[in-house]
Each structure stands twice: as structure tokens, then as C-alpha cells.
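Results of the structural survey
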Amino acid sequence: MKETAPLTMKDIARELGISVATVSRALKNSPRISAERREMIQRYAREHHFTPNVLAGSLRNVRVQPVKIIGVIVPDLVHYYFASVLAGIEEEAMSRGYLVVVAQSSESYEREVSICRSFYENKVCGIIVSQTKNTHQYDHFQYLLDSGLPLVFYDRVCTGVDASRVVVDDYMGAFNAVSYLIERGCTRIAFYGSNMNMEISKNRFNGYKDALLKHGLEYDPELTYICDNRADAESLTPDVLKRELPPNGFFAINDDTAIGILYTAKRMGFHVPEDISICGFTNGYRAIACDPMLTTVEQRGRSVGEEAASILIDQVEGHIPADKVVKRVVRTRLVVRGTTK
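The present account deals with the structure reproduced in this document. All values derive from a computational prediction rather than experimental measurement. (Residues numbered from 1 in each chain as written. Predicted model: local features only at pLDDT ≥ 70, side-chain atom pairs only at ≥ 80, totals over all residues. Heavy atoms only, no water.)

Along the chain, Lys10 falls in helix α1 (residues 9–16). Taking the C-alpha atoms as reference points, Lys10 and Ser24, separated by 14 residues in sequence, lie 9.4 Å from one another. (Helix = DSSP H or I, 4+ residues; strand = E, 2+ residues; numbered from the N terminus.)

Structure, rendered in C-alpha cells:
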């Protein structure tokens with residue numbers, strides 16, 4: 001991301017010695033401006049990477065008080081958890097007179113950078129974001145903060161910048177879930193998680209590992225796998241269950257992965273939960289659409305969204321100082337269903 005403020009029509013007008021109105025008309029191909037002058041202004045705008053402020057332009061035509069807009073970035077719109085977070089953000093924002101513009105990064109770092117740039121150039125009031133799995137550089141987030149734009153992370157937080165954040169208690173959620181599996185008789189528990197570059201992955205893994213140790217079970221690194229979606233779970237699990245000493249319990253980083261384990265185990269002739277117990281992490285609609293229904297950790301996404309929006313709006317309106325970093329943790333709870341004894 002560039003470290004200079006975006007070019008405005010006022011800048012173009014000053015450089016070319018003309019009025020802002022003339023620049024505006026030329027960029028809109030108005031016949032009131034000669035073809036030669038239009039081409040000169042448009043060429044200058046192209047060469048200097050001018051981007052029109054679409055939101056501001058549309059708001060100038062509104063006869064009521066200008067709309068206050070929050071930008072929200074989600075990694076995946078079809079994921080139940082992110083959809084529930086978005087519902088919480090929208091509910092809180094609308095109750096306080098703000099609208100929400102949503103963009104999906106689709107787990108692409110490049111797309112995330114582009115969205116941040118677009119939101120900044122279009123003058124949103126602030127941004128709420130869950131970073132992609134592939135985000136390893138944080139210049140685009142730091143630029144927003146350095147520019148004075150309020151920024152709040154949720155779920156997947158960026159530890160590389162000092163910004164406000166709202167997360168669930170991933171560590172205790174995992175610790176309690178694995179402890180429950182152990183208390184119900186599981187002695188070899190596999191962990192299916194994400195890459196450890198994300199804080200949620202580290203926290204859930206640490207909760208898993210500490211629960212084993214607290215209950216006197218030895219941690220076995222060969223029972224830890226990078227697997228965080230249903231397709232990969234269905235591909236991996238047959239080999240895991242064919243081991244000489246297969247696990248009799250699984251803790252998965254999300255419900256989709258847990259359901260992939262469930263259906264694979266059933267296809268292979270295992271009985272759930274008699275032979276194998278399975279626990280997920282989300283508590284979305286799919287958790288009650290499988291057979292047996294899934295034991296899982298409820299993330300309370302709507303509460304996360306409401307908290308994130310509340311912090312951002314308080315920063316925008318000056319109720320929270322711009323330089324204050326707010327950190328809030330939303331408690332989880334274990335929802336016991338049919339995939340555990």
C-alpha cells in the first residue's frame with residue numbers, strides 16, 4: 001500500500017491551474033469541457049493513479065445527513081461463523097445509525113490488501129476485519145492505523161500491529177472440550193487444526209495439549225494434523241484410523257472438519273460415539289444436520305460481531321481515544337450432542 005495520501009480532484013485542479021468543477025466535469029466526460037482539455041485532465045489522472053471516491057460522490061446527492069459507513073472484511077461469507085459475526089456487526093451498527101459495506105477476501109492476501117486500499121480511498125469511517133489464513137505481512141493494516149482510520153480485528157487477529165480486537169476464548173474452549181472427551185473415556189485424541197501462524201490455531205492447540213497433560217495423558221505429535229476443512233478431513237482420516245493404534249477421540253478446529261471425520265469414520269464401519277468420539281468448534285447449523293448430531297464448542301459469533309462494532313463506533317465517535325487498544329474476550333461453551341459418549 002502506498003504511504004502517501006490518495007490523489008484528490010482538488011490536487012489535480014491545483015496542479016493544472018484549473019477549478020475543481022472543471023476537473024469533475026472532465027472526468028465525467030462532460031461536453032461542457034473541450035475534448036482537448038478533457039483528454040489532458042484524464043491523462044493526468046491516469047498517470048497519477050487517481051481513484052474517484054465513489055462513496056463520497058454518491059453521498060453528495062443525499063439530501064439528509066450523510067450516511068456513516070463501516071467496512072467489514074470476512075474471509076469466507078458462506079461460513080456460518082463469519083455470517084453470524086456479520087449479523088452481530090450489522091445489528092449493532094444499524095442501531096447506532098451506521099451502514100455496513102462487506103467485502104470477502106476469499107483467503108487471499110492480495111485481495112485483502114486491495115480491499116483495505118479500496119475502503120480507505122472511499123472514506124469509510126472504520127474497518128472491522130478477520131485476516132486471511134495467508135496473511136504474513138501487515139503493512140496494509142499498519143498504514144490504516146497510521147492514517148488515523150479506526151481498525152478492529154475479530155476472530156483471526158493480527159499480532160503484528162497494535163489494534164483493538166475481539167476474540168472468543170479459544171484456549172479454554174479447546175481445553176474444556178478435550179477435557180470432556182478424556183472424562184468420557186478417550187485416551188488417544190487426535191487434533192485437526194490450522195497453520196500455526198494464526199493465533200486461534202495456537203490457542204486451540206495449546207488448550208488441547210494442556211488438557212492432555214492435566215489429565216495425565218502424554219502428548220503425541222503424531223496425532224496432530226494440519227487439516228481444517230471437510231474435504232481434507234475425508235482424505236486424511238482413513239489413514240489415521242488405519243494406524244496400529246488409532247485414536248478413539250478427535251478434536252477438530254471447526255465443525256466442517258469434524259463432520260468430515262464423522263462421515264469418514266461411519267463409511268469405514270466405525271460406530272460414533274461407541275468406537276470414536278468427535279468434537280468440533282463453531283456450533284453452526286451443520287452441527288445439528290448430521291447423524292449423530294455434533295458435540296461442539298459454541299463460538300457465539302453474533303456477540304463477537306456486536307462487540308467489534310461497538311468498539312469501532314466508540315472509536316469513530318471519540319468515546320474511546322484513538323490511541324487506546326481495546327481487547328475483549330467472548331466466552332465459549334461446550335454443547336454436548338450425539339458424537340460423544
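Take Asp155: it is sitting in the loop between β4 (151–154) and β5 (164–168). Buried charge without a salt bridge: Asp155, with Arg156 as the nearest opposite-charge side chain at an N-O distance of 4.1 Å. Residues contacting Asp155, with those up to four places away along its chain left out, are Tyr81, Phe82, Ser130, Val166, Val167, Ile200, Arg204 and Gln299. (Buried < 20%, exposed > 50% of the residue type's maximum accessible area, 1.4 Å probe, protein only. Lys, Arg positive; Asp, Glu negative; His and termini not counted. Salt bridge = Lys/Arg side-chain N within 4 Å of Asp/Glu carboxyl O. Contact = heavy atoms within 4.5 Å.)

It is worth spelling out the nonpolar core at this point. Val178, Ile189, Tyr192, Tyr208, Phe250, Phe251 and Ile278 are the most contacted members of the largest nonpolar core, which has 39 residues in total. Those elements that place two or more of their residues in this core are α8 (170–183), β6 (189–193), α9 (199–214), α10 (230–241), β8 (249–252), α11 (255–267) and β9 (277–282). Residue contributions to this core peak at six residues, all from α8. If you look at the next biggest cluster of nonpolar residues, it comprises 25 residues, including Val74, Tyr98, Val152 and Val304. (Core = buried A, V, L, I, M, F, W, Y, C linked by side-chain atoms within 4.5 Å.)

As a further point, take the packing of helix α5 (residues 80–95) against helix α12 (residues 301–316). Following both chains from N to C, one finds α5 and α12 inclined at 40°, their axes separated by 6 Å at the closest point. In terms of their interaxial angle, α5 and α12 are classed as oblique. Classified by chirality, the crossing of α12 by α5 is right-handed. Every residue of α12 that contacts α5 at Tyr81, Ser84, Val85, Ala87, Gly88, Ile89, Glu91, Glu92 and Ala93 is listed here: Gly301, Arg302, Val304, Gly305, Glu306, Ala309, Ser310 and Ile313. Residue composition of the contact of α5 with α12, by class: eight nonpolar, five polar and four charged. (Axes fitted to C-alpha atoms, helices over the stretch in contact; angles between N-to-C directions. Parallel < 35°, antiparallel > 145°, perpendicular 65-115°, else oblique. Left-handed = near helix turned anticlockwise from the far one by under 90°. Nonpolar A, V, L, I, M, F, W, Y, C, P; charged D, E, K, R; others polar.)

Okay, the sheet that holds strand β10 (residues 295–298) next. What the six strands build is an open sheet, ordered β7-β6-β8-β9-β10-β12; its pairing is mixed. Whereas interior strands pair on both sides, the edge strands pair on one side only; in this sheet they are β7 (224–226) and β12 (333–335). Across the sheet, the axes of successive neighbouring strands diverge by a mean angle of 20°, strand direction being ignored. Across three bridges, the pairing between β8 and β9 is parallel. Of the residues in β9, the one forming a bridge with Phe251 is Cys279. (Pairing = 2+ DSSP bridges.)

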